[in-house]
Structures are given as C-alpha cells and as structure tokens.
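Chain residues, written in single-letter form:
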2 protein chains.
Amino acid sequence: MTATTGKTRNTGLGILGPDQTDLLKEVDGVFTAWAAEAGAREILPPSLYRISDLQKFDVYRNFPHMAFVAGPLDVEDGPPDPVDGAFAPNDLERPSFGLPHATCYGAYLYYEGQAVSPTTTVTLLNRCFRREERYEELRRVLGFQLREIVAIGTFEHTQEVIERFGERTEKFARELEIDLRKVASADPFFENDGSRALFQRLSPVKYEFQVGELAVASVNTHRNFFGERCSITVEGVGGNAYTSCIGFGLERWLAVLDDRFDGDLRRALEAVRDLST
Amino acid sequence: MTATTGKTRNTGLGILGPDQTDLLKEVDGVFTAWAAEAGAREILPPSLYRISDLQKFDVYRNFPHMAFVAGPLDVEDGPPDPVDGAFAPNDLERPSFGLPHATCYGAYLYYEGQAVSPTTTVTLLNRCFRREERYEELRRVLGFQLREIVAIGTFEHTQEVIERFGERTEKFARELEIDLRKVASADPFFENDGSRALFQRLSPVKYEFQVGELAVASVNTHRNFFGERCSITVEGVGGNAYTSCIGFGLERWLAVLDDRFDGDLRRALEAVRDLST
C-alpha cells in the first residue's frame, strides 16, 4: 500500500488520506501520552491570533519573511472578484489576524499575567504556517501540524523537561529502527543577520532531531523571554517564568515512517501501536 | 468547577483550558466513533485552501461577507509594521489563500476527479472561519471546530446517512438529558436575497439541531452540486455523485454541556464517557 496524498499539487496544502490520518493521529497520541505521563495537561489554541498578540513575541520584527496574515474581504462596495486565484491586497479590510508559525505561543498566551507552578508542563497541537521558497509533500507543508510539549516554571524544570522528552524521542526512534541524529542548530527564524544577538539570548540550547536531512523534532529553551513578554511569574519563586519546548512535526514523522516501512502505512501503524501500549 | 477560557476577550479567539480540551476531544471522539462504526474513515484537510479551490464552490460569489483570506507579508521594500494591531492591506502580497467556512469542502476536494463507491462515507474535522457581527465565547467562535460526517454516492445513500446520524444525535442528547430541537432552517449562507434560488437548488433538506437558540448540529443535502463541481462520479452508476453531511460544532457542544452540568466539566466528561462505552 502506497501512501497517497490527495490534491497536493506540491503547494503544501494536501489533504491526508485515511491511512495517513490514522498514522498521524497515532503518532500524535504517543507524544501526547508522554506528556500526560509527566503530568502535563492539554490546552487547545486557536488557528488565528490577533496580530497584537503575536507582536508580543517580535514575530513581525524577526520573521516577517515567514509571516502569513489574514483579514476579511471588504464587501462595502460590492464583493471583490479574485483574479487568477488571488484577490488584490486592497480587496481586504485591514488584516488584523496572524497565522502562527509556532505552536507554543498559545501556551504563553494562555498563562499570560498568571503565576504558575514552578513545574508547569502543558501540551498543545496547532497548525503552523511558514512561507517557504518551495513546499514538498509531507516534508515541507504550508500549514503543518506541530505538537509541542512546553515547560514553564523554574530554569531547572525547563531543562529537565527537554532532557526527558529528548531521551524519550531518541528511544522511540531507536525502537522503530529509525536513524535519528541530534544536531545542534540555529533556528531558521534567527538566521537573518540582525537577529543573531536575539538568537544568543533566546536559545542557549537549541537542537533538532533529524532523520536524513529532515528535522522531525526541535528542542528549544528560551530563558525567560516568553515569561517576560507574557508577564508569567512562578509561584513561590518570583521573577518571570523560564520556558522551554520540544516540538514534533507530525507530517514529517509521517514521511519518515512512510520511508521506514516502504510505504506500508498500516504496518507502520501497527509498529507504533505495539510500542505505545 | 467553572469553565474558564483563557484570553478570549470576546474576540472569538480563545484558548481552551485543560478541562475544556478533554471534554471537546471526548465529544469529538463520540462523533468520530459513530462514523467509524458506519464504516467511515477519517481524512485530514488543511487549514488553508487555494482560493481557486474554494471558488469551485461559489464561496466568493455567495458568501463574500463571511470570508477571511490570507497572504504573505510583502517584505520586498523592508518589513511592514502593523499599526494598532493591523497591517495595511497593501502590506500584503496578493492573498491567494482562503480560510474555509465549512469542513466538508475538504471531502469533495479529496475525491475530486474520482469515481467513488456508491456508499462512500468519510469524516473530517476542520477549523471554520466566519466573519460575524460579534463573537461570543464558545457559542460564536471566529475559528470554530466543525466535525463533519460526509456521505458521497447515490442519493439514497446520502439520505440514509443523514437520517441515521440525525437519529443518533437525538439519542445522544436524550441520554445526556439535553433538550434538543430539530428545526428546519435556511442556511445563513443563503439568506442574502440573490441566493435564494441557489438555496432551493442546494438544500431540499436542511435542518439544524438546536439547544435553546444555539445550533449544535447541522444537516444538509446538496444533491449533486459538489459532485458536479469536483467531477466526482459513482462507480457502476454513472453521473455525478450526490452528497450530504452532518456537522457538529464542537465548541457549542462544550457550551451546552457546560450549561447542562452547571460548569462541572469533569462530571460532563464522565457522563459522555459512560455513554460512549
């Protein structure tokens, strides 16, 4: 059985078929179960944010080249017509919504202005949107699904969480006989020159797990950058919370499992199920 | 325990907390299990469509007042700055992506150009985006989650599917002691004058299940409109496929269960779990 994706046309906007969907949900269930075992609960973020919320994270200063924004059509003078599959910019009212390019923003906004337990861990799934030069089925998707486990609290807690789930990720891959490499990395977000200082400040630890050249998981620590920006404090400790996260690109795990099991997604599903019970 | 939604500020862009998330996923699991029992498999649509794909369904002709569209920022002459939480329309490149306002579009695009079994049933979940005069926490959400079960094939099949799941919905509500009313309705999509003829053509059967004034499920038959637009044919029958769907607004079920269980979402979760086993 070969994996097929309906209607992708290499635009990064494919519809996943039944076998792909079952496997993606199973793999996501594995990561979610890890989080639950560690006492993390799940929260559910929206697909659009107010631009003013994303501005808190310097999104439009540091990553404007990646950003998608959204707004309603301006129908005041009659509905505009798309031409060649696109509207004109002036067909829109002022776009005040931003599509996120990382899932964890939802966690910081959820706890905004609150004092949290020193060992807070949550998990959440969102679509993440990044403008790219090119898209590729499953491997580089315009609105990919990123499951994150996010630690918020003391610095020690944030380091323990990413260490634990990093090891768990390596074990998971090993058991599936997937060759995973741990690679220190600069976040592509921060590669443009002006942001190097920011990168140093944000990411004393940043690495990826790669299969071949494909990053399937990303581990980040942000010191107290997000804690400051969202005024999150730590109960009984004081000061702004430290944060870290590990993110799993679900379509990429699908691509990797498709390769590993020679396109037999049902066998891949069984293999993942056998591990996760 | 009172339901709380983080950071909604009545913009329809709330983040669901852990108890809400658990309950929403449980309820979604009930609808998904119904679909699976009926032999339906799940597919996974994207959050953005090409505008040219949504044009196939006359989206921008009939519902421009509801439409959100998206595009990348134009960074050619340096990144634009948002002012008062919004970009200027001209800060965007030509918006060529549309946010869907119904989940079932993904099913028709998935089967585009194919011959399907006369009794095809699939289920899918997506975020749906509708511009509204006002939003209200859980009850009128800018990007709400709509689980749909979609029938594609013969007219008889499409009628059997909505009848079966309509009855199942009524039984589910009855068992939870939720007072559900079946109400014939015009789709709000089709209320603007020019579209009445279209409404008649598309929806010989259209009704909603309401709790109080709140529609929590919507049942539609489209004759062969979508089958035509996506060139879907029926194996061994010929002609374009007929379609129908039933959709469940997940945040609204959360609102209704919150009311029914006086804000005790954990008790609501147990009640739903007891039924679904």
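Residues numbered from 1 in each chain as written. Chains lettered and ligands numbered in written order. Predicted model: local features only at pLDDT ≥ 70, side-chain atom pairs only at ≥ 80, totals over all residues. Heavy atoms only, no water.

(A) Looking closely at the overall build of chain A. Per the secondary structure count, chain A includes nine helices and 14 strands. For chain A, buried positions account for 62% of its 277 residues. For chain A, the proportion of contacts with a sequence separation of at least 24, taken over those separated by at least 6, is 71%. Carbon and sulfur atoms make up 44% of the accessible area of chain A, which totals about 11000 Å². (Helix = DSSP H or I, 4+ residues; strand = E, 2+ residues; numbered from the N terminus. Buried < 20%, exposed > 50% of the residue type's maximum accessible area, 1.4 Å probe, protein only. Contact = heavy atoms within 4.5 Å. Areas by Shrake-Rupley, 256 points an atom, 1.4 Å probe, with all protein chains shown as cover.)

(B) How the structure looks around the pattern of salt bridges. By the definition in use, this model includes 40 salt bridges over all chains. Across the pair D22 of chain B and R41 of chain A runs a salt bridge, and its minimum N-O distance is 2.7 Å. Taken as a pair, D22 of chain B in helix α1 (residues 18-37) and R41 of chain A in strand β3 (residues 41-42) lie in two separate chains rather than in one. On the basis of relative accessible area, D22 of chain B is assigned to the partly exposed category, the value being 27%. The class of R41 of chain A is partly exposed, set by a relative accessible area of 27%. R147 of chain B is the salt-bridge partner of E42 of chain B, the closest N and O atoms lying 3.1 Å from each other. Here E42 of chain B, found in strand β3 (residues 41-42), pairs with R147 of chain B, found in strand β9 (residues 143-153); they are 105 residues apart in sequence, far enough to count as distant. According to the relative accessible area criterion, E42 of chain B is buried, its value standing at 10%. (Salt bridge = Lys/Arg side-chain N within 4 Å of Asp/Glu carboxyl O.)

(C) Quick peek at the packing of helix α1 (residues 18-37) of chain A against helix α8 (residues 250-260) of chain A. All names here are of chain A. Between α1 and α8, whose axes approach to 9 Å, the crossing angle comes to 115°. Taken together, α1 and α8 sit at an angle that is classed as roughly perpendicular. The interaxial crossing formed by α1 with α8 has right-handed handedness. Along its contact with α1, which presents Q20, L23, L24, V27, D28 and F31, the element α8 presents L250, E251, W253, L254 and L257. Counted by class, the contact of α1 with α8 contains eight nonpolar, one polar and two charged residues. (Axes fitted to C-alpha atoms, helices over the stretch in contact; angles between N-to-C directions. Parallel < 35°, antiparallel > 145°, perpendicular 65-115°, else oblique. Left-handed = near helix turned anticlockwise from the far one by under 90°. Nonpolar A, V, L, I, M, F, W, Y, C, P; charged D, E, K, R; others polar.)

(D) Representation of the relation of the copies chain A and chain B within the structure. Once chain A has been moved 0.0 Å along the axis and rotated by 180°, it coincides with chain B to within an RMSD of 0.0 Å. Here the symmetry operator amounts to a two-fold rotation axis. When each C-alpha of chain A is compared by its distance to the rotation axis, A70 of chain A comes out closest, at 2.1 Å. Most of the interface of chain A is mirrored in chain B, where 100% of its interface residues are also at the interface. (Least-squares fit on C-alpha atoms with pLDDT ≥ 70 in both.)

(E) Focus on the packing of aromatic side chains. In total, this model carries 36 aromatic pairs over all chains according to the counting rule given. Aromatic pair Y60 of chain A and F87 of chain B: ring centres 5.0 Å apart, planes at 75°, arrangement edge-to-face. Of the two residues, Y60 of chain A is situated in helix α3 (residues 59-62) and F87 of chain B in the loop between β5 (68-72) and β6 (97-99); the pairing between them involves two chains. Of the two residues, Y60 of chain A and F87 of chain B, both sit in the buried class. (Phe/Tyr/Trp six-rings, centres within 6.5 Å; stacked < 30°, edge-to-face > 60°.)

(F) Quick look at the interface of chain A and chain B. Taken together, the contact pairs 69 residues of chain A with 69 residues of chain B. Of the roughly 6400 Å² buried where chain A meets chain B, counting both sides, 59% is carbon and sulfur surface. Our enumeration of links across chain A and chain B arrives at eight salt bridges. Across the pair R131 of chain A and E93 of chain B runs a salt bridge, and its minimum N-O distance is 2.7 Å. Among the elements that make up the side of chain A that touches chain B, the one with the highest residue count is α1 of chain A (six residues). Residues that form the side of chain A that touches chain B fall into these classes: 36 nonpolar, 16 polar and 17 charged. With five bridges connecting them, strand β5 (residues 68-72) of chain A and β5 of chain B associate as antiparallel partners. Its bridge partner lying in β5 of chain B, G71 of chain A is registered against V69 of chain B. (Buried area = accessible area lost by both parts, 1.4 Å probe. Pairing = 2+ DSSP bridges.)

(G) Representation of the environment of V75 of chain A in the model. Mapped onto the fold, V75 of chain A is located in the loop between β5 and β6 (97-99). Remark: the alpha-carbon pair of V75 of chain A and Y108 of chain A, spanning 33 residues in sequence, is separated by 35 Å. The contacts of V75 of chain A, once residues within four sequence positions are left out, are P80 of chain A together with P64 and H65 of chain B.

(H) Structural view of the confidence of the model for chain A. All names here are of chain A. Here chain A averages 90 in pLDDT, and 88% of its residues register 70 or above. Scored below 50 in pLDDT, residues 1-10 makes 36 contacts in the model with residues more than four places away or belonging to other chains. Counted against residues more than four places away or in other chains, residues 188-194, with its pLDDT under 50, gives 14 contacts. Quick note on the complex model: pTM equals 0.92, ipTM equals 0.92. (pLDDT = per-residue confidence, 0-100.)

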